[in-house]
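Commentary on secondary and tertiary structure
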Amino acid sequence: MSQREKDQYQALKDAKMDTLAIRAGHTRSAEGEHSEAIYPTSSFVFESSEHAAARFSGDDEGNVYSRYTNPTVRTFEERLAALEGAEAGVATASGMAAILSTCMALLKAGDHVVCSRNVFGTTTNLFLKYFGKFGLEVTFVDLTNLDEWKNAVRDNTRLFFCETPSNPIGEVANLKVLSTIAKSCGSLLVVDNCFCTPALQRPLDFGADLVIHSATKYLDGQGRCMGGCVVGRHEHISEIVGFLRTCGPTMSPFNAWVFLKGLETLRLRMDAHSENALAMATWLENQGSIEKVYYSGLDSHPGKALASVQQRAFGGVLSFCVKGDRAAAWRFIDATRICSLTANLGDVKTTIVHPATTTHGRLSDEQRAEAKITDNLIRLAVGLEDLSDLQTDMIRGMEAM
Ligand SMILES: *Cc1c(COP(=O)(O)O)cnc(C)c1O
């Protein structure tokens, strides 16, 4: 590293989020490139056998093999950790790989997890179907009912897991209180921060131990790549790195580079998503054929006060119930012309989906009722298109009901 580069690196230690999002973690190659380089290489060469031995023993910290470390991936890890206010981070092949790796590295058979009921459906499936097979126990609780969290704790409880705000009805977890309960029973609080990203919410500031991301969503922001990340303290991240090096669900250098470009505009996009979503939620609430709107930025939402403390804004995802049945909800969705009918979210393109028959279709009727996923519920992940065009699209839906 040149002296100027070392000085720049030093200056970033005190930098604010908008600067970190654009510059943190970047070290230039000998070519002096201004934009971050991609290193699409599976392995790295050594100068001599002695040098190779030093790399393998760890005396020399350079790269060996991209399942271990890769410069582009490392830059992404450092940048996201800086944005979340974390000591360290590790990137994974997807958001699910981040959750898998965290649990595999930090838990063992016989341990118990308390998890909020309304997490991402695949997360629920991972806990029940796969971790269950290896003797990990899990209790699902209501995200907002703190007594349920307390009462679920057992002698072998080691980890609390939640998402806030929740998908799709935007319930908000009290992170400060949850982290206190977790600490008092020797458990780690792990927060899936997909919906807010560090641009809107930093769970570590409220006492969480680890933050998980599906980078596939807002970190990329344009629906191009799969990826994930975990950030937190060195002691935990190094355990997770150990699991990844052995088991292999690492992030590709190309994807890391796309996510780096995504992070550069993250705050601008999240603010714009939030602005569009709040305006859309407010407008939908006043439409005669809409029964109810769920968005934590609305005065009518019970989570608004808490979200206002924990979050800078309310994010891009809202959901609403139409006045009608499942068939009416389907007709609404099918009549839209701008929205993409897809289960993904966190994209500049607005996406619309019917949770009861897609993302939450695997739940039992009872579980769906508990999660308030009614047949007339529609989820909208509001993108960055012109608001009036999106409203016109909603009118197409309402007229078709
Ligand atoms: C999509 C998503 C995941 C899983 O991430 P993948 O990148 O699809 O593996 C986890 N949590 C939340 C909240 C998600 O939306």
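Up top is the structure these notes are about.
Residues numbered from 1 in each chain as written. Predicted model: local features only at pLDDT ≥ 70, side-chain atom pairs only at ≥ 80, totals over all residues. Heavy atoms only, no water.

**Points about the overall build of the protein**
Applied cut-off: Segments assigned H or I by DSSP are reported as helices when at least four residues long, segments assigned E as strands when at least two residues long, and all are numbered from the N terminus. Between the two quantities, the radius of gyration covers C-alpha atoms and the globule rule is 2.2 Å times the number of residues to the power 0.38. For each residue, the accessible area found with a 1.4 Å probe, counting protein chains only, is set against the maximum for its type, and the residue is called buried under 20%, exposed over 50%, and partly exposed in between. Using a 1.4 Å probe, the Shrake-Rupley method yields the accessible areas, and only the shown protein chains count as cover for residues.
Helix and strand counts for the protein stand at 16 helices and 12 strands. Computed over its C-alpha atoms, the radius of gyration of the protein comes to 22 Å, within 12% of the 21 Å expected for a compact globule of 401 residues. Taking the principal axes of the C-alpha coordinates as reference, the protein spans close to 75 × 50 × 35 Å. The proportion of buried residues among the 401 residues of the protein is 52%. For the protein, the accessible surface area stands at approximately 17,500 Å², while carbon and sulfur atoms represent 52% of it.

**Concerning the pattern of salt bridges**
Our working rule: Each salt bridge in this description consists of a side-chain nitrogen of Lys or Arg and a carboxyl oxygen of Asp or Glu lying within 4 Å of one another.
Tallied over the full model, the rule gives 20 salt bridges. Glu264 is the salt-bridge partner of Arg79, the closest N and O atoms lying 3.8 Å from each other. Note that Arg79 is positioned in helix α4 (residues 71–84) and Glu264 in helix α11 (residues 253–264), a separation of 185 residues in sequence. Residue classification places Arg79 among the buried residues on the basis of a relative accessible area of 0%.

**Looking at the packing of helix α14 (residues 326–335) against helix α16 (residues 387–400)**
Each packed pair of helices is defined by two parameters, the angle between the axes and the distance between the axes. Rule in force here: Interaxial angle, 0 to 180 degrees, is taken between N-to-C directions of lines fitted to C-alpha atoms, where a helix line uses only the stretch in contact. If an angle is under 35 degrees, it is roughly parallel; if it is over 145, roughly antiparallel; if it lies from 65 to 115, roughly perpendicular; otherwise it is oblique. Take the far helix as the reference: if the near one is turned anticlockwise from it by less than a right angle, the crossing is left-handed, and if turned clockwise, right-handed. Contacts are residue-level and defined by heavy atoms, with any inter-residue pair within 4.5 Å sufficient. By the convention adopted, Pro, Cys, Tyr, Trp, Phe, Met, Ile, Leu, Val and Ala count as nonpolar, Lys, Arg, Asp and Glu as charged, and the other residues, Gly among them, as polar.
Close contact between α14 and α16 brings their axes to 7 Å; oriented N to C, the two are set at 140°. The angle between α14 and α16 places the two elements in the oblique class. In terms of crossing hand, the pair formed by α14 and α16 is right-handed. Side by side, α14 and α16 meet where Arg331, Phe332 and Ala335 of the first sit next to Met394, Arg396, Gly397, Met398 and Ala400 of the second. Here the contact of α14 with α16 is built from residues that sort into 5 nonpolar, 1 polar and 2 charged.

**A short note on the site of the ligand**
To keep it simple, the criterion reads: We call a residue near a given molecule or strand whenever any one of its heavy atoms falls within 4 Å of it. N or O atoms closer than or at 3.5 Å make up a polar contact, with two conditions inside protein: a donor-capable atom paired with an acceptor-capable one, and, for residues adjacent in sequence, both atoms drawn from side chains.
Taken together, 13 residues are adjacent to the ligand, and Gly95, Asp192, Ser214, Thr216 and Lys217 come closest. The contact in question runs from an oxygen atom of the ligand to an N or O atom on the side chain of Ser94, over 3.5 Å. Within the side chain of Asp192, an N or O atom sits 2.6 Å from a nitrogen atom of the ligand. Along the lines of polarity and charge, the residues of the shell around the ligand split into 5 nonpolar, 5 polar and 3 charged.

**Focus on the side chain of His301**
With respect to the secondary-structure elements, His301 resides in the loop between β8 (290–294) and α13 (304–310). Polar side-chain contacts of His301 include one of 3.1 Å to the backbone oxygen of Ile169. Side-chain polar atoms of His301 contact the backbone nitrogen of Gly303, separated by 2.9 Å. Excluding anything up to four places from it in sequence, His301 contacts Ile169, Gly170, Glu171, Tyr294, Tyr295 and Ser296.

**Description of unusual backbone geometry**
A cis geometry characterises the amide bond from Thr164 onward to Pro165, with omega recorded as -5°. With respect to the secondary-structure elements, Pro165 resides in the loop between β4 (157–163) and α8 (175–184). Cis peptide bonds are those with omega within 30 degrees of zero, and the linkage from Asn167 to Pro168 qualifies with 0°. Positive phi outside glycine occurs at Thr197, with the angle close to 65°. By the element assignment, Thr197 lies in helix α9 (residues 197–200).

**Concerning the environment of Val382**
One can find Val382 in the loop between β12 (377–381) and α16. Excluding anything up to four places from it in sequence, Val382 contacts His273, Asn276, Ala277, Met280, Gly316, Leu318, Thr350 and Leu390.

**Considerations on the sheet that holds β12**
Where we set the bar: Strand pairing is assigned whenever DSSP detects at least two bridges linking the two strands.
Strand order in the open sheet made by the 5 strands is β8-β9-β12-β11-β10, with mixed pairing throughout. Looking at strand neighbours, the two that pair on one side only are β8 and β10 (340–341), the edges of this open sheet. Pairing between strand β11 (residues 351–353) and β12: 3 bridges, direction antiparallel. Among the inter-strand pairings, Ile352 is bridged to a residue of β12, identified as Leu380. The sheet contacts of α14 involve β8, β9 (317–322), β10, β11 and β12, and relative to β9 the element is tilted by about 130°.

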